[in-house]
Amino acid sequence: MSGEPQDDCLFCKIAEGHVPATIVRETETTVAFRDINPQAPTHVLVIPKAHYPNAAALAAADPALTADVLREAQAVADEDKLESYRIVFNTGAGAGQTVWHAHAHILGGRGLQWPPG
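Here, residues in each chain are numbered from 1, in the same order as that chain's written sequence. Only residues with pLDDT of at least 70 are given local features in this predicted model, and only at 80 or more are side-chain atom pairs given and counted; all residues enter the totals for whole chains, interfaces and linings. Hydrogens and waters are ignored; side-chain quantities use all the structure's heavy atoms.

Chemist: Can you help me understand the overall build of the protein chain in this one?
Modeler: By the criteria applied, helices consist of DSSP H or I runs no shorter than four residues and strands consist of E runs no shorter than two, each listed in order from the N terminus. Along its length, the protein chain carries 3 helices and 5 strands. In the protein chain, the succession of α and β elements from N to C terminus is α-β-β-β-α-α-β-β. In terms of principal-axis extent, the alpha carbons of the protein chain reach across some 40 × 30 × 25 Å. Buried residues are those whose accessible area, probed at 1.4 Å on protein chains only, stays under 20% of the maximum for their type, while exposed residues exceed 50% and partly exposed ones sit between those limits. Counting every position in the protein chain, which comprises 117 residues, the buried fraction comes to 41%. Long-range pairs, those at least 24 residues apart, make up 52% of the contacts in the protein chain between residues at least 6 apart in sequence. Note on areas: these come from Shrake-Rupley sampling with a 1.4 Å probe, and a residue is covered only by the protein chains present in the view. Looking at the protein chain as shown, the accessible area adds up to about 6,600 Å², and 52% of this sits on carbon and sulfur atoms. Positive: Lys, Arg. Negative: Asp, Glu. His and the chain ends are not part of the count. To locate a charge, the coordinates of NZ of Lys, CZ of Arg, CG of Asp or CD of Glu are taken. Separation of charge centres in the protein chain, based on 8 positive and 14 negative side chains, amounts to 8 Å. Should any heavy atoms of two residues lie within 4.5 Å, those residues are counted as being in contact.

Here it is in structure tokens:
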């Protein structure tokens, strides 16, 4: 959990520009890109450029970077003119996490029922 890029991590490769993605925002510490399997009209992933396996590990190791991810989530919502949106961090396979690099899903542009499936 050092934050160092991992050779076998898809999101590290996207952050480094080695794998293409539809990038909508990039800062010194984060990258935001469209999900390849969108679940809402707006479905963007915001990732830290540093590698942490999940949101809990990211928050424990680097609270400032965690705040950067959340700030970028708001920026994505603003750019897509979302009045309402959901930020989702899946942690663990049972919760639907499939890429072991912390990431926030920004979902909006349609009604989002609660509780989610």
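Now, onward.
Chemist: Could you clarify how one ought to interpret the pattern of salt bridges in this entry?
Modeler: For side chains of opposite charge, pairing can occur when their charged atoms come near one another. Salt bridges are counted wherever a side-chain nitrogen of Lys or Arg sits within 4 Å of a carboxyl oxygen of Asp or Glu. Counted by the stated rule, this structure contains 5 salt bridges. In this structure, arginine 25 and glutamate 79 form a salt bridge, with 2.6 Å as the shortest nitrogen-oxygen distance. Here glutamate 79 lies in helix H3 (residues 63-79) and arginine 25 lies in strand S1 (residues 23-26), a separation of 54 residues in the sequence. A salt bridge links aspartate 80 to arginine 34, with the shortest nitrogen-to-oxygen separation between them at 3.2 Å. Of this pair, aspartate 80 sits in the loop between H3 and strand S4 (85-88) while arginine 34 sits in strand S2 (residues 30-34), placing them 46 residues apart in sequence. You can call arginine 34 partly exposed: its relative accessible area is 30%. What you see here is one network of salt bridges that share partners, running through Arg25, Glu72 and Glu79.

Purely geometric stuff here, so don't read any function into it on its own.
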